[in-house]
Amino acid sequence: MVERMAVIGAGVAGLAAAGALVDAGVAVEVFEKSRGLGGRVATRRALGTAFDHGAQYFTVRDERLASRLAGARHAGGLAPLALSWGEGAPAEPAFYAVPGMASLGEALLGDFTVHREWTVRAITHEGGWWLDDGAGRRAGPFAGLLLAIPAPQAAALLPEPGVFQSALEAVVMEPCTALMLTFAAPLPTPFDVDFRPDAVLPYVCRNSAKAGRPAGEAWVLHADAGFSRAMEAAAPDEVVSRLLAAFGRRLALTLPPPAGTVLHRWRYARVSTPLGDACLYDAGRRLALCGDWCIGARVEAAFLSGLAAARSLLTSR
Ligand SMILES: Cc1cc2nc3c(=O)[nH]c(=O)nc-3n(C[C@H](O)[C@H](O)[C@H](O)COP(=O)(O)OP(=O)(O)OC[C@H]3O[C@@H](n4cnc5c(N)ncnc54)[C@H](O)[C@@H]3O)c2cc1C
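Remember, predicted model here, so these are calculated numbers, not experimental data.

Draft legend 1. Local environment of the overall build of the protein. A tally of regular secondary structure across the protein gives ten helices and 19 strands. For 317 residues, the compact-globule formula gives about 20 Å, and the C-alpha radius of gyration of the protein, at 20 Å, lands near that figure. Taken along the three principal axes of its C-alpha coordinates, the protein extends 65 × 45 × 35 Å. Each of the 317 residues in the protein was classed as buried or not, and the buried ones make up 43%. Across the protein, contacts joining residues at least 24 apart in sequence account for 67% of those joining residues at least 6 apart.

Below is the structure:
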């Protein structure tokens with residue numbers, strides 16, 4: 001009989017795991033709280049344009065990721081990161097998705113069902129795994145369950161964290177505030193992207209310089225984790241004005257007023273203290289936990305963690 005398994009989270013880790021389980025003959029259902037796929041590899045439509053407000057680009061070192069993305073690359077869905085850099089250009093080849101980072105999620109789709117806008121609020125293990133959305137929807141039973149969500153959210157969802165508790169508590173994830181900006185005319189800067197240590201604003205990118213993005217002058221700024229944490233409760237206007245001031249200093253320009261601004265606060269943006277193992281697995285209950293937080297704050301790490309979690313679930317068949 002074909003086994004049914006559930007994956008919670010359609011970020012890169014969850015989609016990688018779902019694909020690997022399907023390849024091994026498992027019937028997979030993915031449950032995702034958002035409408036879009038990709039999780040923190042995201043595209044935000046706003047201000048008449050579209051911004052990559054989460055992950056900016058990614059490495060493809062591992063052959064399995066290269067092969068999963070070969071079709072998308074062939075079809076023009078991946079572009080090499082060839083932007084004009086100030087400081088901080090990556091030392092190895094990197095790519096971004098076209099026409100927006102969220103299309104990476106679409107590229108990782110496979111022969112599995114994705115239930116979008118289905119937030120899992122409770123999981124129970126009674127003759128298999130059952131998922132509950134807290135509003136009357138229930139799904140199950142599943143022979144195996146894979147949680148591909150940030151560690152603090154996984155800890156909150158586990159009925160009794162038990163064996164995983166200390167491992168999950170040791171993982172540290174940092175916030176990041178993203179500011180999306182449009183301007184009426186191009187800013188006269190010597191670079192399109194600049195990434196350097198800074199207590200307020202380490203990363204700035206002219207999003208509209210990436211291939212396939214809408215015309216216009218659009219920027220994405222990523223604040224430092226410490227600054228993002230310190231400003232968590234601050235009014236959005238104050239955060240915007242502090243980031244704009246830092247942006248002007250970075251460009252050595254008196255900035256024209258932006259045509260529009262949108263602030264997004266990523267609560268669990270990047271892991272700073274990862275688990276140190278590729279995934280967590282409870283063979284008795286066939287429960288796997290995965291995500292970038294297992295290995296490191298990278299898209300490719302999320303992909304590899306998803307594959308490792310799928311492999312664990314498959315070896316205990
Ligand atoms: C601002 C920012 C910049 C970054 N820049 C880069 C970069 O340039 N390069 C790079 O390689 N990496 C970068 N990263 C890191 C990269 O985005 C992550 O490492 C990777 O995307 C994590 O994937 P994931 O699948 O582990 O988790 P996620 O992407 O967080 O996926 C988890 C998914 O689970 C869903 N979910 C959560 N809870 C539930 C629930 N209860 N029910 C249903 N669904 C749920 C979420 O909606 C989400 O879709 C950046 C991240 C941020 C935030």
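Draft legend 2. Spatial organisation of the pairing of strand E12 (residues 144–147). The two faces of E12 match: Gly144 and Leu146 on one face and Leu145 and Leu147 on the other face are all buried. Bridge analysis of strand E1 (residues 4–8) against E12 gives four bridges, and the strand direction is parallel. In the sheet register, valine 7 faces E12, and the bridge partner there is leucine 146. As judged from the three bridges shared by E12 and strand E19 (residues 287–289), these two strands associate in the parallel manner. When the bridges of E19 are listed, leucine 146 appears paired with alanine 288.

Draft legend 3. Broad picture of the site of the ligand. Around the ligand there are 38 residues in total, and Gly9, Gly11, Gly39, Gly291 and Asp292 lie nearest to it. Of all the elements in the fold, those that place two or more residues in the shell around the ligand are helix H1 (12–23), helix H5 (151–157), strand E13 (172–183), strand E17 (260–273) and helix H10 (299–315). Per-domain counts for the shell around the ligand show at least three residues from each of domain 1 (1–38 + 108–171 + 274–317) and domain 2 (40–101 + 172–271).

Draft legend 4. A look at H1. In this model, H1 (twelve residues) spans 17 Å end to end at C-alpha, consistent with the 16 Å of a helix rising 1.5 Å per residue. Of all twelve residues in H1, ten are buried, a share of seventy percent or more. Turning to H1, its buried residues are Val12, Ala13, Gly14, Leu15, Ala16, Ala17, Ala18, Gly19, Ala20 and Leu21. Glycine 25 lies just past H1 and shows a positive phi near 90°.

Draft legend 5. Representation of the domain arrangement of the protein. According to the domain assignment, the protein consists of domain 1 (1–38 + 108–171 + 274–317) and domain 2 (40–101 + 172–271). One C-alpha centre belongs to domain 1, the other to domain 2, and the line joining them spans 28 Å. On the domain 2 side, the residues contacting the 21 residues of domain 1 number 18 residues. Mapped by element, the contributors of at least two residues to the side of domain 1 that touches domain 2 are H1, H5, helix H9 (292–295) and H10. Broken down by element, the residue count for the side of domain 1 that touches domain 2 peaks at five residues, all from H10. Among the residues forming the side of domain 1 that touches domain 2, the class breakdown is 13 nonpolar, five polar and three charged.

Draft legend 6. Representation of the environment of proline 141. The topology assignment puts proline 141 in strand E11 (residues 138–142). A sequence separation of 90 residues divides proline 141 from phenylalanine 51, and the C-alpha atoms of the two residues are 39 Å apart. Excluding its chain neighbours within four sequence positions, the residues that come into contact with proline 141 are Gly127, Gly128, Trp129 and Trp130.

Draft legend 7. Summary view of the packing of H1 against H10. Their axes nearest at 7 Å, the elements H1 and H10 cross at an angle of 40°. By the angle between their directions, the pair H1 and H10 is classed as oblique. For the pair H1 and H10, the sense of crossing is right-handed. Here H1 contributes Val12, Ala13, Gly14, Ala16, Ala17, Ala20 and Leu21 to the contact with H10, which in turn contributes Val299, Ala302, Phe303, Ser305, Gly306, Leu307, Ala309, Ala310 and Leu313. Classifying every residue of the contact of H1 with H10 by side-chain character gives 13 nonpolar, three polar and no charged.

Draft legend 8. Quick look at the environment of glycine 134. You can see glycine 134 is positioned in the loop between strand E10 (129–132) and E11. In this structure the C-alpha to C-alpha distance between glycine 134 and aspartate 52, which are 82 residues apart in sequence, comes to 31 Å. Not counting the four nearest positions on each side in its chain, glycine 134 is found in contact with Arg121 and Ala122.

About the thresholds
- Residue numbers restart at each chain and count upward from 1, following the sequence in its written direction.
- pLDDT decides what is reported in this predicted model: residues at 70 or higher carry local features, side-chain atom pairs at 80 or more are listed and counted, and totals for whole chains, interfaces and linings draw on all residues regardless.
- Numbered from the N terminus, helices here are DSSP runs of H or I no shorter than four residues, and strands are runs of E no shorter than two.
- Every radius of gyration here is taken over C-alpha atoms, with the globule rule written as 2.2 Å times N^0.38, N being the number of residues.
- Three exposure classes are used, all based on how many other C-beta atoms lie within 10 Å of a residue's own C-beta (placed from the backbone): buried at 20 or more, exposed at 12 or fewer, and partly exposed between those limits.
- Contacts here follow a simple rule: the backbone-placed C-beta atoms of the two residues must lie within 7 Å.
- At least two bridges found by DSSP between two strands are what make those strands a pair.
- For each residue, a C-beta atom is placed from the backbone, and the residue is labelled near a molecule or strand when this atom is within 6 Å of it.
- Segmentation into domains, and thus their bounds, comes from an automatic or database assignment.
- Take the number of residues in a helix, subtract one, and multiply by 1.5 Å to get its expected span.
- Only Asp, Glu, Lys and Arg are considered charged, only Ala, Val, Leu, Ile, Met, Phe, Trp, Tyr, Cys and Pro nonpolar, and every remaining residue, Gly among them, polar.
- To obtain an axis, a line is fitted to C-alpha atoms, over the contacting stretch when the element is a helix, and the angle between two such axes runs from 0 to 180 degrees between their N-to-C directions.
- Oblique is the label for every angle not falling under 35 degrees (roughly parallel), over 145 degrees (roughly antiparallel), or within 65 to 115 degrees (roughly perpendicular).
- Working rule for handedness: look at the near helix, and if it is turned counterclockwise from the far one by less than a right angle, call the crossing left-handed; if clockwise, right-handed.

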